[in-house]
Amino acid sequence: MQDEQTNRLPENRYRPMGELIRGIFFILFGLFAIFAEKLGLGEFRISPQWMMVLGIVLMLYGIFRVYNGVRKLFFNRN
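Residues numbered from 1 in each chain as written. Predicted model: local features only at pLDDT ≥ 70, side-chain atom pairs only at ≥ 80, totals over all residues. Heavy atoms only, no water.

Undergrad: Looking at this model, I keep getting lost on the packing of aromatic side chains. Mind explaining?
TA: The tally for this structure, following the rule as stated, stands at 4 aromatic pairs. Three or more aromatic residues link up through ring pairs in this structure, and these residues are Phe26, Tyr61 and Phe64. (Phe/Tyr/Trp six-rings, centres within 6.5 Å; stacked < 30°, edge-to-face > 60°.)

Undergrad: Help me understand the pattern of salt bridges, please; the structure alone is not making it clear to me.
TA: Between side chains of opposite charge, a pair can form when the charged atoms approach closely. Evaluated as defined, the whole model comprises 2 salt bridges. The partner of arginine 65 in a salt bridge is glutamate 19, with the nearest N and O atoms 2.9 Å apart. With arginine 65 in helix α3 (residues 48-74) and glutamate 19 in helix α2 (residues 14-39), this pair connects stretches of sequence that are 46 residues apart. Take arginine 65: its relative accessible area is 16%, and that puts it in the buried class. The class of glutamate 19 is buried, set by a relative accessible area of 4%. Its salt-bridge partner being lysine 72, residue glutamate 19 comes within 3.2 Å of it at the nearest N-O pair. Here the residue glutamate 19 occupies a position in helix α2, and lysine 72 occupies one in helix α3, the gap between them amounting to 53 residues. Residues joined by salt bridges that share partners form a network here, namely Glu19, Arg65 and Lys72. (Salt bridge = Lys/Arg side-chain N within 4 Å of Asp/Glu carboxyl O. Helix = DSSP H or I, 4+ residues; strand = E, 2+ residues; numbered from the N terminus. Buried < 20%, exposed > 50% of the residue type's maximum accessible area, 1.4 Å probe, protein only.)

Undergrad: What should I look at first to understand the environment of glutamine 49 in this one?
TA: Counting through the fold element by element, glutamine 49 comes out in helix α3. For the pair glutamine 49 and isoleucine 34, spaced 15 residues apart in sequence, the C-alpha separation works out to 9.2 Å.

Written as structure tokens, this is what we have:
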């Protein structure tokens, strides 16, 4: 019984925090891609429709990362 406890690796809590932070950055980049031209923050060489698609994809990936980080950080208790 004691051998099982000593062989376990300590729980790494930095990795889920990294996923949360990366997810937030992807969501922010997605919002920037969608609203930058409308707010006058930048002008891109691709069409606004493709920027909208890129922004949505970035935001969906960011939401996935945030969900994964929250799940691992708070709900993955053994």
